[in-house]
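Here is what each chain is made of, one letter per residue.
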Amino acid sequence: MPNAAKLKFWGVRGSTPTVERDTWRYGGNTSCLELTVPGGGRFILDCGSGLRMLGKHLRTTAEGLLESPRINSIDAQVLVTHYHWDHIQGMPFFQPFFQPQNRFNFFSFRSKQLGRDSLRQVLEAQLASPYFPVDVGKMTAERHFHEINGGDTWDAKGAHITAAWLNHPQGCLGYRLDTAAGSMVYATDNEPGVPEFDNNLLRLAEGADVLIYDSQYSPEQLATTRKGWGHSSWLEGVKIARQAKVKNLILFHHDPESSSRTVDGFLYAARQEFPETWAAMEGMCLTFVERGLEVSLPEARMGRRRWVRLAATVSGQSEDGTAFEERAAVRDLSLLGAFLSLSRRPMLQSELRVVIQTAGDAESSAPLSLRATVVRCEPGRDANEHGVGVVFIEEAEPETPEG
Ligand SMILES: [Zn+2]
Ligand SMILES: [Zn+2]
């Protein structure tokens, strides 16, 4: 049994999923987090489109690592903050819901509009005809629904859970999970400025190791065009983090209109005020260890990674804030694509092999051999020349380092 708590982000986007290229680095799936606690308890926080990926991950883990049907089953506590699309839309696409050996305990509040059994209604309505082709009867996993309220506390599977009302249209719950390895607060979809809710959040976040907070807008937007929309900013996150003395702040629920560069900007601004700030990223993993928090990021370099031996000068800033510049060895490079001048015209969507010679003597550098697919063909500068755009793709077989 693991004795650390691990928090993984499967969806970090607010409002609606995004597929635009400039949002890829942080990720386009909507809210979904997975917390595993000492003793093996598993918690799923919100069921946005990121839930589909969690389902895929759980299936591969179960198939790949665990052979006994007994441990092959999934037992999880599902905490839903509220019923807006971006927090529930992954439910019909979560494979483990369709396997009878799995068991889920769901928690959320009674909605004024839906009345009793709100969460069950929300789940089943998404599979109702004509909205979804699969009948809810096919959802064979054991499901138990629990109605909770702001102010409630309970214990489940190695965590002490507290729920608190936040300020959001149609209501929203924030959750705090205290475990033997650390404490985390999940407070998304909240607009500051109403004392009752501000106090709820402050109490909920008091001294937490991690505060995940709605940082959808810039402080300027929050004060003007987005006022009253039910969300918040990195600056509000910083204020709460300081007031509640939390150890780490995670900016979350990125606006669908925010490019990765925009989120970078929010993060850098927040770090000026509160250095222990991170921006939630799809695939990011937080491990609660004795000396604090270990943060790891997903494989971010899309495109073909190639082993090389090159020299470089690198300058930047150390973790302690000091500037540095040093000579470094480049061990590998990831490449997205290239634009080539060819005398022949290859077919669109056909494969090419591109071998690039690197500078330097043959002893200390190796050529880059890359498999590519043709994405563009246009007339070149000369009459007998073609401009060919290629994107590098994975090699068929995994490669080993070349030195
Ligand atoms: Zn939301
Ligand atoms: Zn919402």
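See the structure shown above.
Residues numbered from 1 in each chain as written. Chains lettered and ligands numbered in written order. Predicted model: local features only at pLDDT ≥ 70, side-chain atom pairs only at ≥ 80, totals over all residues. Heavy atoms only, no water.

So what exactly am I meant to see when it comes to the overall build of the chain here?
When helices and strands are tallied, the chain shows six helices and 21 strands. Split into buried and exposed, the 403 residues of the chain put 47% on the buried side. Across the chain, every contact between residues at least 6 apart in sequence was considered, and the portion connecting residues at least 24 apart equals 63%. Only carbon and sulfur atoms are counted for the fraction: they give 51% of the accessible area of the chain, which is about 20,900 Å². (Helix = DSSP H or I, 4+ residues; strand = E, 2+ residues; numbered from the N terminus. Buried < 20%, exposed > 50% of the residue type's maximum accessible area, 1.4 Å probe, protein only. Contact = heavy atoms within 4.5 Å. Areas by Shrake-Rupley, 256 points an atom, 1.4 Å probe, with all protein chains shown as cover.)

Would you mind going over the coordination of the zinc ion (ligand 2) with me for this structure?
Within the protein, the zinc ion (ligand 2) binds to His82 (NE2), His84 (ND1), His168 (NE2) and Asp189 (OD); these donor distances fall in the range 2.1 to 2.4 Å. Mapping the donors of the zinc ion (ligand 2) onto the primary sequence gives the spacing H-x1-H-x83-H-x20-D. Separating the zinc ion (ligand 2) from the zinc ion (ligand 1) is a distance of 3.5 Å, and Asp189 supplies a donor atom to each of them. With His84 in the loop between β4 (75–79) and β5 (103–108) and Asp189 in the loop between β10 (182–187) and α3 (195–205), this pair connects stretches of sequence that are 105 residues apart. (Donors = N, O, S within 2.8 Å, 3.2 Å for Na, K, Ca; no water.)

Help me out: how do you make sense of helix α6 (residues 260–273) in this one?
In an α-helix, one turn spans 3.6 residues, which is why side chains three or four residues apart end up on the same side. In this model α6 runs 20 Å from its N-terminal to its C-terminal C-alpha over 14 residues, within 8% of the 20 Å that 1.5 Å per residue would give. Residues of α6 that are buried in the fold lie against α5 (234–243), β12 (248–252) and β13 (277–279). (Expected span 1.5 Å × (residues − 1).)

Quick question: what am I supposed to make of the environment of Glu34 here?
In this fold, Glu34 is placed in strand β2 (residues 32–36). For Glu34, a relative accessible area of 6% puts it in the buried group. Distance from Glu34 to Arg376, taken between C-alpha atoms, is 41 Å for residues 342 residues apart in sequence.

Just to check I follow, could you spell out the coordination of the zinc ion (ligand 1) for this structure?
Tetrahedral coordination by four donors puts the ideal angle at the metal at 109.5 degrees, and octahedral coordination by six puts it at 90 or 180 degrees. Protein-derived coordination of the zinc ion (ligand 1) comes from Asp86 (OD), His87 (NE2), Asp189 (OD) and His253 (NE2), at a distance range of 2.1 to 2.3 Å. Counting residues between consecutive donors of the zinc ion (ligand 1) along the chain gives the motif D-H-x101-D-x63-H.

Sorry if this is basic, but what is going on with the sheet that holds strand β9 (residues 172–179) here?
The strands that make up a sheet pair up through hydrogen bonds in the backbone, lying either parallel or antiparallel. With mixed pairing, the seven strands of this open sheet are ordered in space as β7-β8-β9-β10-β11-β12-β13. For this open sheet the edge positions go to β7 (153–156) and β13, each flanked by a neighbour on one side alone. Each adjacent strand pair in this sheet contributes to an overall mean axis angle of 20°, direction not counted. Two strands pair when backbone bridges link them, and β10 and strand β11 (residues 210–214) are joined in this way by four bridges, in the parallel orientation. Counted as the bridge partner of Met184 is Val210 from β11. (Pairing = 2+ DSSP bridges. Axes fitted to C-alpha atoms, helices over the stretch in contact; angles between N-to-C directions.)

How should I be thinking about the environment of Ala128 in this particular structure?
The residue Ala128 is located in the loop between α2 (118–126) and β6 (142–147) in this model. Judged by relative accessible area, which is 29%, Ala128 ranks as partly exposed. Separated by 73 residues in the primary sequence, Ala128 and Gly55 place their C-alpha atoms 21 Å from one another.

For this particular structure, what's the right way to read the sheet that holds strand β21 (residues 386–392)?
Reading across from one edge, β18-β21-β20-β19 is the order of the four strands in this open sheet, with antiparallel pairing throughout. Of all the strands in the sheet, just β18 (337–342) and β19 (351–356) have a single pairing partner and so form its edges. Ignoring which end each strand starts from, the neighbouring axes of this sheet average 45° apart. Relative to β21, strand β20 (residues 368–379) runs antiparallel, the two being bridged by seven bridges. Bridge assignment links Arg376 to a residue of β21, and that residue is Gly389.

Help me understand the nonpolar core, please; the structure alone is not making it clear to me.
Nonpolar side chains tend to gather and get buried jointly when the protein is soluble and globular. In terms of nonpolar packing, the biggest core is built from 85 residues, with Phe9, Tyr175, Leu177, Met184 and Ile212 touching the most fellow members. A total of five residues in this core trace back to one element, the largest contributor, which is strand β8 (residues 159–166). Not counting residues within four places of it along the chain, the set of residues in contact with Leu177 comprises Leu35, Phe43, Leu45, Leu79, Ala159, His160, Ile161, Gly182, Ser183 and Met184. Among the nonpolar cores identified, the runner-up in size contains 13 residues, and Val330, Leu340, Val354 and Val374 belong to it. (Core = buried A, V, L, I, M, F, W, Y, C linked by side-chain atoms within 4.5 Å.)

Any chance you could explain the packing of aromatic side chains here in plain terms?
Working definition: an aromatic ring pair is given by the centre-to-centre distance plus the angle between the planes. Inspection of the entire model under this criterion finds 13 aromatic pairs. Where Phe94 meets Phe104, the ring centres are 5.8 Å apart and the plane angle is 70°; that geometry is what we call edge-to-face. Of the two residues, Phe94 is situated in the loop between β4 and β5 and Phe104 in strand β5; the sequence distance between them amounts to ten residues. As far as the burial class goes, Phe94 and Phe104 line up, both buried. Relative to Trp154, the ring of Phe107 has its centre 5.1 Å away and its plane inclined at 20°; by these criteria the two rings are stacked. Taken as a pair, Phe107 in strand β5 and Trp154 in strand β7 lie far apart in primary sequence, 47 residues in all. Overall, the relative accessible area of 14% leaves Trp154 in the buried class. One aromatic cluster in this structure is built from Phe94, Phe97, Phe104, Phe106 and Phe145. The residue whose ring lies beneath Arg226 is Tyr217, and the NZ or CZ to ring-centre distance is 5.9 Å. (Phe/Tyr/Trp six-rings, centres within 6.5 Å; stacked < 30°, edge-to-face > 60°. Lys NZ or Arg CZ within 6 Å of the ring centre and 35° of its normal.)

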